[in-house]
Amino acid sequence: TQNPFRSTYFAAQAMAAEMSTGAPALVLLQDAPASVAMLVVGLRARYGKKLVGPGTFTFEDVAGMKAAVERAAASDEPQALTARSTGRDAAGAVVAEFEVDWSFRRRSR
């Protein structure tokens, strides 16, 4: 995951951001009242400084994601959510901010 500049590749950071937003979605889908599919439909990133060494990516809006999943389970229309993931280095400094656009859609019955 380390590039020739001794920092973490941007693609590895993007995967961590997707995982930090996708894992809660998978848990929420298990409790949904109907079968709901999820799909990444967009991704934006801003990098503030190089990530050298360990990093942590966090997603805070589980309540908003739960509401989107519940709306999808109750509707025939897909529901969109922009999930924000913040990457921090070991010292806690923000190194990157990601916006992952998720689409939730109830599966056909």
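Refer to the structure printed above.
Residues numbered from 1 in each chain as written. Predicted model: local features only at pLDDT ≥ 70, side-chain atom pairs only at ≥ 80, totals over all residues. Heavy atoms only, no water.

(A) Examining the overall build of the protein chain more closely. Counting its secondary structure elements, the protein chain contains two helices and four strands. Helices and strands in the protein chain line up, N terminus first, as α-β-β-α-β-β. Projected onto its principal axes, the C-alpha positions of the protein chain cover 50 × 20 × 20 Å. Residues counted as buried form 40% of the 109 residues belonging to the protein chain. (Helix = DSSP H or I, 4+ residues; strand = E, 2+ residues; numbered from the N terminus. Buried < 20%, exposed > 50% of the residue type's maximum accessible area, 1.4 Å probe, protein only.)

(B) Representation of the pairing of strand β3 (residues 79-89) in the model. Bridge count for strand β2 (residues 55-59) against β3 is five bridges, and the pairing is antiparallel. From the neighbouring strand, Phe57 faces β3, where its bridge partner is Gly87. Relative to strand β4 (residues 94-106), β3 runs antiparallel, the two sharing ten bridges. When the bridges of β4 are listed, Thr86 appears paired with Glu97. Where β3 folds back on β4, the antiparallel hairpin that results is connected by four residues, among which Gly92 adopts a positive phi of roughly 95 degrees. (Pairing = 2+ DSSP bridges.)

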